Amino acid sequence: MTIKNCPEMVRFAHPTASIREDDDVSNTRDVIDQEIASQPAFFSEKVLFPDLKELTLSGLGNLSTIWHNEFSGDSFRRLEEINIESCGMLRKVFPPITVQRCMCLKTLIVAECDSLEVVFDLVGLAAM
């Protein structure tokens, strides 16, 4: 999967709120905005890719967090190659839970991510 040159994109799946016919649309928008603020990860815990082998994220200027702290089923367990480039707000590539998930990873390329602080959060992994 490749997601490229979407500088305003911050999330793969938009949180949804059930909208009834009699709901105030502005209130519904506020609920959705609150859900977005509370789930900052690009891939939420509801995103499931059990057979995905290659992932490329490029030109996502507002991307700050890739993975949610929880995963569904076997999601992302077969990832062999990850390419991340030009994601200027990204601070951490692998939180502890993701390190344990990506045991098939053979290639990792991270380039032009100016805010990057940590690739593998091993301190957090040791605490788990």
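Going by the structure above, here's the rest.
Source: prediction; values computed, not measured.

Conventions adopted
Residues numbered from 1 in each chain as written. Predicted model: local features only at pLDDT ≥ 70, side-chain atom pairs only at ≥ 80, totals over all residues. Heavy atoms only, no water. Core = buried A, V, L, I, M, F, W, Y, C linked by side-chain atoms within 4.5 Å. Buried < 20%, exposed > 50% of the residue type's maximum accessible area, 1.4 Å probe, protein only. Helix = DSSP H or I, 4+ residues; strand = E, 2+ residues; numbered from the N terminus. Pairing = 2+ DSSP bridges. Axes fitted to C-alpha atoms, helices over the stretch in contact; angles between N-to-C directions. Salt bridge = Lys/Arg side-chain N within 4 Å of Asp/Glu carboxyl O. Phe/Tyr/Trp six-rings, centres within 6.5 Å; stacked < 30°, edge-to-face > 60°. Contact = heavy atoms within 4.5 Å. Polar contact = N/O pair within 3.5 Å; in protein donor to acceptor, adjacent residues only side chain to side chain.

S.K.: Can you tell me about the nonpolar core, naming the residues and giving the values?
M.R.: Within the largest apolar cluster, 22 residues are counted, with the highest numbers of intra-cluster contacts made by Phe-43, Leu-57, Ile-66, Trp-67, Leu-79 and Ile-84. Those elements that place two or more of their residues in this core are strand E2 (41-43), strand E3 (54-58), strand E4 (65-67), strand E5 (81-85) and strand E6 (92-94).

S.K.: Hey, could you go over the sheet that holds strand E1 (residues 2-4) for me, with residue numbers and the actual values?
M.R.: Strand order across the open sheet formed by four strands is E1-E3-E5-E7, with parallel pairing between neighbours. Every interior strand has two partners, whereas the edge strands, E1 and strand E7 (107-111), have only one. Strand-to-strand, the axes of this sheet are offset by a mean angle of 0 degrees, without reference to chain direction. Here E1 pairs with E3 via three bridges, running parallel. Residue Thr-2 lies in a different strand from E3, and its bridge partner there is Thr-56.

S.K.: Give me the lowdown on the pattern of salt bridges, citing residues and values where you can.
M.R.: Evaluated as defined, the whole model comprises two salt bridges. In this structure, Glu-117 and Arg-91 form a salt bridge, with 2.4 Å as the shortest nitrogen-oxygen distance. Here Arg-91 lies in the loop between E5 and E6 and Glu-117 lies in the loop between E7 and strand E8 (118-120), a separation of 26 residues in the sequence. Glu-117 gets classed as exposed once you look at its relative accessible area, which sits at 55%. On the basis of relative accessible area, Arg-91 is assigned to the partly exposed category, the value being 45%.

S.K.: Kindly report on the packing of aromatic side chains, identifying the contributing residues and their values.
M.R.: Overall, the coordinates contain 11 aromatic pairs when judged by the stated rule. Aromatic pair Trp-67 and Phe-76: ring centres 4.8 Å apart, planes at 80 degrees, arrangement edge-to-face. By relative accessible area, which is 3% here, Trp-67 ends up buried. Through pairs of rings, three or more aromatic residues link up here, namely Phe-12, Phe-42, Phe-43, Phe-49, Trp-67, Phe-76, Phe-94 and Phe-120.

S.K.: Give a description of unusual backbone geometry that names residues and reports values.
M.R.: Negative phi values dominate among residues other than glycine, just as trans dominates among peptide bonds. A positive phi angle is found at Ser-86, which is not glycine, with a value near 55 degrees. Tracing the chain through its elements places Ser-86 in the loop between E5 and E6. Given a relative accessible area of 29%, Ser-86 falls into the partly exposed group. Despite not being glycine, Glu-112 has its phi angle at roughly 55 degrees, a positive value.

S.K.: Quick one: what's the story with the environment of Ile-66, residue by residue and with numbers?
M.R.: Mapped onto the elements of the fold, Ile-66 is located in strand E4. Under the relative-accessibility criterion, Ile-66 is labelled buried at 1%. Taking C-alpha positions, Ile-66 is 8.0 Å from Leu-90, a pair spaced 24 residues apart along the chain. Ile-66 has contacts with Ala-41, Phe-42, Phe-43, Leu-57, Ile-84, Leu-90 and Val-93, leaving out every residue within four places of it along the chain.

S.K.: I'd like a rundown of the environment of Glu-117, residues and numbers included.
M.R.: Considered as a pair, Glu-117 and Val-93 are 24 residues apart in the sequence and their alpha carbons are 8.8 Å apart. There is a polar contact of 2.4 Å between the side chain of Glu-117 and the side chain of Arg-91.

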